[in-house]
Amino acid sequence: MQPKGGALKGVIVLVALLLVGWFLMNWLLGSFSGGAVKNAVENAIEQATGKNADVNIGEDGSFSVTTEEGTASFGTELSTDWPNDVPTYPGAEVTYSAVGNNLADGGLGGYATFTTSDSAQKVIDFYNSEMAANRWTVKASVNIASSMNVTFEKDGLAMNVTATGVDGMTSITIGFGK
């Protein structure tokens, strides 16, 4: 299922602005107080979009941005907006998470990265089993060298899992959207 054209453009703009804000915030935190960073990011988003933005910065470096169109959250823990239907790999450590929603059309999207000492094959086997048990359909599967990728779909929600093993560690990236 393809996202609606206008909604997709809005989500892309919002995610791009938020990523720039996140990198900017991390760079600026060493030089400015959290309040200055919050105001600078809010002003940048408001100038770019012409809409009000509310930025919340956590002490752990996480942050969220809320506009009248939706909310996007970034950090090293999964957002409360992470869909219950998108499982995380047991015991894996979250290294980054981003989730955004679009209130206009109910769209939701995001991704997270994790690390584990389990093999890429074990990770993909887990997702193939878990997703089948929850009635997700495999749409594509690709294995290239040490990287394995599977795309699933259920009820208009698409989910992509990539597991890449290097030097005894596996990086897992999960992306989802509807």
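I will try to describe carefully the structure that is included in this document. If you're wondering where the values come from, they're calculated on a predicted model, not measured in any experiment.

Below, the discussion takes up the environment of Leu 108. Looking at the element boundaries, Leu 108 is found in strand 5 (residues 107–116). Among residues more than four places away in sequence, those in contact with Leu 108 are Asp 81, Pro 83, Val 99, Gly 100, Asn 101, Phe 176, Gly 177 and Lys 178.

Counting residues in each nonpolar core, the largest one holds 26 residues, and the members touching the most others are Tyr 127, Met 159 and Ile 174. Breaking this core down by element, the ones donating at least two residues are strand 4 (93–102), strand 5, helix 3 (120–133), strand 7 (147–154), strand 8 (157–166) and strand 9 (169–177). Looking at this core element by element, the count peaks at six residues for helix 3. Among the nonpolar cores identified, the runner-up in size contains 10 residues, and Val 41, Val 55, Val 65 and Tyr 96 belong to it.

Once that is clear, we can look at the layout of surface pockets. In this structure, the second largest pocket encloses a volume near 200 Å³. If you trace the second largest pocket, you find it lined by Asp 60, Ser 62, Phe 63, Ser 73, Phe 74, Gly 75, Thr 76, Glu 77, Leu 78, Ser 79, Thr 80 and Ser 97. With three residues, the top contributor of residues to the lining of the second largest pocket is strand 3 (residues 70–75). Each residue belonging to the lining of the second largest pocket can be placed in one class, and the counts come to three nonpolar, seven polar and two charged.

Right, let's get into the side chain of Thr 113. With respect to the helices, strands and loops of the structure, Thr 113 is situated in strand 5. The class of Thr 113 is buried, set by a relative accessible area of 18%. Looking at Thr 113, its side chain comes within polar contact range of the side chain of Thr 95, at 2.6 Å. Thr 113 has contacts with Glu 93, Val 94, Thr 95, Tyr 96, Ile 172 and Thr 173, leaving out every residue within four places of it along the chain.

Turning our eyes to something else, we now look at the pairing of strand 7. The pairing of strand 6 (residues 137–144) with strand 7 spans seven bridges and is classified as antiparallel. Across the sheet, the residue bridging to Val 138 is Phe 152, located in strand 7. Turn length for the strand 6-strand 7 hairpin, with the two strands adjacent in sequence and antiparallel, is two residues, and the turn residue Ala 145 shows positive phi of about 55 degrees. Relative to strand 8, strand 7 runs antiparallel, the two sharing eight bridges. Bridge pairing in strand 8 links Lys 154 to Leu 157. In sequence, strand 7 turns back onto strand 8 through a hairpin of two residues, with Asp 155 there showing a positive phi of about 50 degrees.

Within the secondary structure, Glu 42 sits in helix 2 (residues 34–49). A polar atom in the side chain of Glu 42 sits 2.8 Å from the backbone nitrogen of Val 55. When sequence neighbours within four positions are dropped, the list of residues in contact with Glu 42 reads Ala 53, Asp 54 and Val 55.

What counts, and where the lines are drawn
Residues numbered from 1 in each chain as written. Predicted model: local features only at pLDDT ≥ 70, side-chain atom pairs only at ≥ 80, totals over all residues. Heavy atoms only, no water. Helix = DSSP H or I, 4+ residues; strand = E, 2+ residues; numbered from the N terminus. Contact = heavy atoms within 4.5 Å. Core = buried A, V, L, I, M, F, W, Y, C linked by side-chain atoms within 4.5 Å. Buried < 20%, exposed > 50% of the residue type's maximum accessible area, 1.4 Å probe, protein only. 1 Å grid on protein atoms, 1.4 Å probe; cavity = no way out; pocket = protein on both sides within 12 Å on 5 of 7 lines; lining within 4 Å. Points joined across faces, edges and corners; volume = space filled by probe spheres on them. Nonpolar A, V, L, I, M, F, W, Y, C, P; charged D, E, K, R; others polar. Polar contact = N/O pair within 3.5 Å; in protein donor to acceptor, adjacent residues only side chain to side chain. Pairing = 2+ DSSP bridges.

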